[in-house]
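Observations on chain architecture
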Amino acid sequence: MNSEPDYHNTALKFADGDIPSGKMAWRSPSNIALVKYWGKKPVQIPQNPSISFTLSKSYSETEVSYSPAVSGSLEMEFYFDGQRNSVFEEKTANFFQSLSDVFPFVNQLKFIIRSQNTFPHSAGIASSASGMSVLAMILCDMERQLFSTLKNDVDFRRKASFIARLGSGSASRSVYGGLVIWGETEVVSGTSDLYGFPMNEEIHEIFTRYQDTILLVDAGEKKVSSRVGHGLMNSNPYAGERFKQAHENLSELLQAMRDGDTATFIRITESEALTLHAMMMTSQPYFLLMKPNTLQIIERIFTFREKTGLPVSFTLDAGPNVHMLYPAAIKAEVKQFIEDELVSFLSPLGFIDDEVGKGPEKIL
Ligand code: DP6
């Protein structure tokens, strides 16, 4: 177990009468897990290590204006897609409040937050990874600018990832581009349960430009919140074996990704996706999140792969949408495959052509 970095810092507070005003904005992407995080301990500690691709086109863009709080404690207005949103406002205010020991300055400010996602809100794509990581980037950037700390990018990112994790576990991985591990694994030194760890150096070139076409099967809201789903793992009879398997899968997957071994990549990522859903199906209460069209698409992918020999595979989130994964070199063939065989199974929202991305970006 890594020792917890001590981010409590009473010095990060403005002198009375010297509280600044300003504005900043960041964009931060979503990510898709290849080995899944499903099950956690307090406080936001994963039961097993996970690894994901950070995406490129599916991101949250958030602008924060801050000024002295007139009440003398944290004030907030939150606008999502231009509309004041009381649910996000309360969630974000609680999140900031919970960070009072790490960023004491939050209690001296009024925040006006404007946020939007590039992907449709109702598409069932996890927005907590992008939404929470973008807030973490902004809080750390405020600290950096206003208190001249976190000058070193490694320290800056690590703290941002630590903070993002407290907002949503998967968000800890969105702080970095490419392939990111969150959760301690003995096969990679430097990994931690407390923050994400970027893995890009040793990865075979084929995986550095991997594509993720997100096939939107059902536009409905998610039926099970992540919080509830993770909690159900505490009483799932297969949980212990699952956590052990995740360690083994991560180790084997990493080796495959160093070697450029797409066959092993496919075997492990597809098994991870089905195992995630098997965990939901074997919890009490149980959840069935795949839809008939999810299975139709998976069947078509199996057949297409068998027929063509092309390394196209799928993974799933905690929902019915299918993430189709493949190397950039076969984009044209896959596009044709979608048009010929898959579009009839999609919701009116269609699909999002995404790919591995570089991570968060400062825009203001
Ligand atoms: C199925 O990160 O959304 O997408 O920490 O409670 O916010 P919280 O959960 P969250 O869980 C993500 C679960 C997953 C798998 C993964 O991304 O690893």
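The structure we're discussing is the one just above.
Since the model is a prediction, treat every value here as computed from it, not as a measurement.

Tracing the backbone through its elements, the reader meets Gln-108 in the loop between α1 (86-98) and β7 (109-117). The class of Gln-108 is buried, set by a relative accessible area of 9%. In contact with Gln-108, not counting residues within four places along its chain, are Lys-13, Phe-14, Ile-19, Ser-67, Pro-68 and Ala-69.

It is worth spelling out the nonpolar core at this point. A general tendency of soluble globular proteins is for nonpolar side chains to be buried together. The biggest cluster of nonpolar side chains holds 45 residues, and the ones touching the most others in it are Phe-96, Phe-103, Phe-105, Phe-111 and Ile-163. Sorting the residues of this core by element identifies β1 (22-35), β4 (50-68), β5 (75-80), α1, β7, α2 (128-147) and α3 (153-167) as the ones contributing at least two each. Per element, the largest residue contribution to this core is 10 residues, and it comes from α2. Contact partners of Ile-163, with chain neighbours within four places excluded, come to Phe-95, Leu-99, Val-102, Phe-103, Ala-136 and Cys-140. Listed in part, the 28 residues of the second largest apolar core include Met-199, Ile-214, Leu-254 and Ile-266.

A few words on the sheet that holds strand β13 (residues 351-355). Reading across from one edge, β11-β12-β10-β13 is the order of the 4 strands in this open sheet, with antiparallel pairing throughout. One side of each edge strand has no neighbouring strand; the edge strands of this open sheet are β11 (313-316) and β13. On average, adjacent strands in this sheet sit at an angle of 25° to one another, irrespective of strand direction. The pairing of strand β10 (residues 211-215) with β13 spans 5 bridges and is classified as antiparallel. Along β13, the bridge assignment pairs Gln-211 with Glu-355.

Definitions and limits used
- Residues numbered from 1 in each chain as written.
- Predicted model: local features only at pLDDT ≥ 70, side-chain atom pairs only at ≥ 80, totals over all residues.
- Heavy atoms only, no water.
- Helix = DSSP H or I, 4+ residues; strand = E, 2+ residues; numbered from the N terminus.
- Buried < 20%, exposed > 50% of the residue type's maximum accessible area, 1.4 Å probe, protein only.
- Contact = heavy atoms within 4.5 Å.
- Core = buried A, V, L, I, M, F, W, Y, C linked by side-chain atoms within 4.5 Å.
- Pairing = 2+ DSSP bridges.
- Axes fitted to C-alpha atoms, helices over the stretch in contact; angles between N-to-C directions.

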